[in-house]
Each structure stands twice: as C-alpha cells, then as structure tokens.
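Tertiary structure, described
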Amino acid sequence: MLNDMMQSLLPAIYPMLKTNFGLSFSQIGLLTLTFQVTASLLQPVVGIVTDKRPQPFSLCVGMAFTLTGLLLLAHAAHFATLLIAAAIVGMGSSIFHPDSSRVARLASGGQHGLAQSLFQVGGNVGSAAGPLLAAFIVLPRGQGSIGWFSIAALTAMVVLFQVGRWYSAHLAGRARKGHVEAPVINMPRGRVIGAITVLGMLVFSKYVYMASLSSYYTFYLIHKFGLSVQAAQLQLFLFLGAVAVGTIAGGPIGDRFGRKLVIWGSILGVLPFTLALPYANLTWTMVLAALIGLILASAFSAIVVYAQELVPGKVGMIAGLFFGFAFGMGGLGAAVLGEVADAKGIDFVYHLCSWLPALGLLTIFLPDIEGHRRKRA
C-alpha cells in the first residue's frame, strides 16, 4: 500500500506538472514510459537472481530507491530531472515486487490466489489513495510538498526490515528441514511457452487499456465534461478504488472456481462496458469506469498465480516477468496514447482503446493445468 501510494503520486500530479513545466501530452507519456520501463526491465532479472539466492532485505533497499526518487521529484526544476526522478522511483518498484510477491506466496497457507490478491489489493488501495492525497495535499501546496511523503517511505522501510527478518527466519527453517521439490507440470515445453505468451497478450490488453484511464482519465473528464482538476482527481480515486475491489475478489474466486474462468470473465467480460464508455454522459462515465476497473482488475492475480503454477519453483522470475511486463506495457501504452492524444485528440484515444479487451478471446488457448500436474518422483 505504501509503495504504490508513493508511486501513484507521479501520474496524479500530471496536471500540475503539465502547467508548471508547459508539458505536452507526448512529454507526459514519456514520463510514464520512463517510470514504467525502469519499473519493468529489472523485475525479471531481480526475480531470477532471488530465485537462486534469496535476498530477504532487498525489499528495504528497493524502498530506499523510492525515497530518493520522491525527494528528487519534490525539488525538480527541469523536465530532465523529472525523468531521472521517475526512473529512480521505477527502480525501487522493480526491486520491491518480485520478492514481495514471493513473501506473499510463502505466507499464503496454500491459498495462493487469495494471498496474491491481498498483496495486490494493498497496492491498489495505495494507488487509489495517491490521487486523493495529491488532490488535497500536493495540488494546494505545490510540488515541494511531495517531499512530505518521504515519511511514508521511511515507515515502509521499517516495516520491510521486519518482513525481511521473518523471511530470513523462514529460509533458515526450510534449510534445517531440507528443501522440498515443487510439483512439476507434465506438459510439453512448447505448450507452456504458448500459454505464457497468451497470458502476456492478455496482460497487454489489460494494462494498455488501464494506462488510458490511469494516465489520461483526468484529462478526458476535464476536456469532455469541464470538470475541475480536483473533481477529476476524485473521479480517478473512485476508479482506482473499484480496481482495488476487483483485485481482492479475483484471487479467492480463482482459488475456488479456477483461474481460467476468472481470466475469461475479466478480460472479455469488460468489453461491452469499454465499448459504451466513449458515448456516455458524465454520470454513466463514472459508473462505467468503476465497472471497468472492478471487472478488469480481477484478472491479474489469477494470471500471475496461473503462470506460477505453469512454471513451478520460479515464483520470483514469474512475478518479476509479469509485474515487469505489466508495468512496461502500461508505460509503452501511455507513451503511444500520449502521441495519439496530441495528434487525434483525447476522445479518439478512448474510441481506439475500447476494442482492446476483445483480446480476451485468446483465453481459449490456455490449457487446463490441473490435468497436467504431477509430483516429481
């Protein structure tokens, strides 16, 4: 929650930065791309390294990067400094997510979907709180007030130090008992790679569409309905709150009824609402945005746990790959959509993105994992 709250401050203050620095939509997209790329490219590498050699206190180190980026963002005087600050905050995220996902799985008691959802909903609550805090703290008091959030970063470092101690004790206990081999999937390698590719396409559709809302929803509401910046920030908060509810629902539903069913219902099920959004009035725009956030968010925990079950024993790598790919697609999507918005207008962006959830049809190519699971002899 604390990590994602601090990271969500950057897109939440885009309207202020656009005014203060005279930024174009393309530059806004470049800011998002810089943050998302550094938050994505390192994650699989961190996951692979910590799968082989767990680093219990790397979580605390990642939060220190976020702290540094926030302080730099608070005092940035040029666009180049904003880009550097965004990159450092992104690096903190890339260090934090793979091992934190592993810790959530270790603490799950076997309810992996529920644990992944609880872990992610903490992030969603933080992401929803970021715009609210930006609206009532940063916007009235200016860019320098971002530095106040260093208190949250320091608090998170204290919490994560304690988590690192628990994680270290768990590793020591496992070493004393002897390592237990993970179950393996009796499935051809090509089929596994194909399934991971399909999951990647689903993440692409989800996060590029989510980028259209998280990065440009406030601009869309201001342009189309004449809302004030603060009122638009409140609407972004409601959308992100719905994302949090959807995230926590997806995991336990997947544990009980199967992750493939959740993936079907989430990605493809949101299509009627995304198609209707560009034609809605203000009231229905708020309703549809909340429904889209609720339904679309339920997929990601199911996708991550499904992929971890496809490739047992590689929890950190898979978490890093999918969190990293999600952030990367979000950043790339924001950059491309910024260019489109500059060229064609913000309304065109939502007409274009409304068809992305149709990629949910690819779920038909995902295999049934349960039928392929066996224990290693």
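Right above here is the structure, for reference.
All values derive from a computational prediction rather than experimental measurement.

**Some details on the nonpolar core**
For soluble globular proteins, the rule of thumb is that nonpolar side chains tend to be buried together. L199 and F322 are the most contacted members of the largest nonpolar core, which totals 106 residues. For this core, the element with the highest residue contribution is helix α14 (residues 282-310), accounting for 14 residues. Residue contacts for F322: discarding those within four places in its chain leaves I196, L199, G200, V203, F300, I303, V304 and A307.

**A closer look at the side chain of Q7**
With respect to the helices and strands, Q7 occurs in helix α1 (residues 2-7). Classification of Q7 as buried rests on a relative accessible area of 7%. Once residues within four sequence positions are removed from consideration, Q7 is found in contact with F35, V89 and S93.

**Structural notes on helix α11 (residues 229-257)**
Under the 1.5 Å per step criterion, the end-to-end length of α11 is 42 Å for 29 residues, consistent within 8% with the ideal 42 Å. Looking at the residues trailing α11, positive phi occurs at G258, about 110 degrees.

**Points about the packing of aromatic side chains**
Each aromatic ring pair is summarised here by two numbers: the centre-to-centre distance and the angle between the ring planes. Inspection of the entire model under this criterion finds seven aromatic pairs. Note on F25 and Y216: the rings are 6.3 Å apart at their centroids and 70 degrees apart in plane angle, and the pair reads as edge-to-face. Here the residue F25 occupies a position in helix α4 (residues 25-52), and Y216 occupies one in the loop between α9 (189-214) and α10 (217-225), the gap between them amounting to 191 residues. Note on accessibility: F25 and Y216 belong to one class, buried. When the centroid spacing of 5.2 Å and the interplanar angle of 90 degrees are considered together, the rings of F25 and F219 count as edge-to-face.

**With respect to empty space enclosed by the protein**
Across all of its chains, the model carries two cavities of 30 Å³ or more by this definition. Space inside the largest cavity adds up to approximately 50 Å³. Lining the largest cavity we find M6, Q7, L9, L10, L70, L73, A86 and V89. The residue inventory of the lining of the largest cavity, partitioned by class, reads seven nonpolar, one polar and no charged. Put simply, the second largest cavity is a space of about 40 Å³. In this structure, the second largest cavity is lined by P11, Y14, P15, L213, S214, S215, Y216, Y217, T218, F219 and L236. Among the elements of the structure, α3 (14-21), α9 and α10 are those that each provide at least two residues to the lining of the second largest cavity. Element by element, the count of residues in the lining of the second largest cavity is highest for α10, at three residues. Among the residues making up the lining of the second largest cavity, the classes are represented as eight nonpolar, three polar and no charged.

**Details of α10**
Every buried residue of α10 is accounted for by Y217, T218, F219, Y220 and L221. Those residues of α10 that are buried are in contact with α3, α4, α9, α11, α14 and α16 (346-353).

**Concerning the environment of T363**
Along the polypeptide, T363 turns up in the loop between α16 and β2 (373-374). With a relative accessible area of 0%, T363 lands in the buried category. Separated by 99 residues in the primary sequence, T363 and W264 have C-alpha atoms spaced 6.2 Å apart. Aside from chain neighbours lying at most four places away, what touches T363 is V198, L202, K260, I263 and W264. Polar side-chain contacts of T363 include one of 2.8 Å to the backbone oxygen of G360.

**A look at the packing of α11 against helix α12 (residues 259-268)**
Where α11 contacts α12, the axes come no closer than 7 Å and their chain directions differ by 130 degrees. Between α11 and α12, the angle falls in the class oblique. Taken together, the residues of α12 that come into contact with α11 (itself represented by G250, G251, I253, G254, D255 and F257) are R259, L261 and V262.

**A short note on the environment of Y14**
Checked against the element boundaries, Y14 lands in helix α3. Y14 sits in the buried class, given a relative accessible area of 1%. Separated by 107 residues in sequence, Y14 and V121 have C-alpha atoms that sit 24 Å apart. If we ignore the near neighbours within four places in the chain, the residues touching Y14 are I28, L31, T32, S215 and F219.

**A few points about a nonpolar patch on the surface**
Together, I253, F257 and L261 make up an exposed nonpolar region whose accessible area comes to about 310 Å². Summarising the element assignment, F257 is placed in helix α11. On the basis of relative accessible area, F257 is assigned to the exposed category, the value being 54%.

What counts and how
Residues numbered from 1 in each chain as written. Predicted model: local features only at pLDDT ≥ 70, side-chain atom pairs only at ≥ 80, totals over all residues. Heavy atoms only, no water. Core = buried A, V, L, I, M, F, W, Y, C linked by side-chain atoms within 4.5 Å. Buried < 20%, exposed > 50% of the residue type's maximum accessible area, 1.4 Å probe, protein only. Helix = DSSP H or I, 4+ residues; strand = E, 2+ residues; numbered from the N terminus. Contact = heavy atoms within 4.5 Å. Expected span 1.5 Å × (residues − 1). Phe/Tyr/Trp six-rings, centres within 6.5 Å; stacked < 30°, edge-to-face > 60°. 1 Å grid on protein atoms, 1.4 Å probe; cavity = no way out; pocket = protein on both sides within 12 Å on 5 of 7 lines; lining within 4 Å. Points joined across faces, edges and corners; volume = space filled by probe spheres on them. Nonpolar A, V, L, I, M, F, W, Y, C, P; charged D, E, K, R; others polar. Polar contact = N/O pair within 3.5 Å; in protein donor to acceptor, adjacent residues only side chain to side chain. Axes fitted to C-alpha atoms, helices over the stretch in contact; angles between N-to-C directions. Parallel < 35°, antiparallel > 145°, perpendicular 65-115°, else oblique. Patch = residues over 30% accessible without salt bridge, like charges linked within 9 Å, V, L, I, M, F, W, Y side chains within 5 Å. Areas by Shrake-Rupley, 256 points an atom, 1.4 Å probe, with all protein chains shown as cover. Salt bridge = Lys/Arg side-chain N within 4 Å of Asp/Glu carboxyl O.

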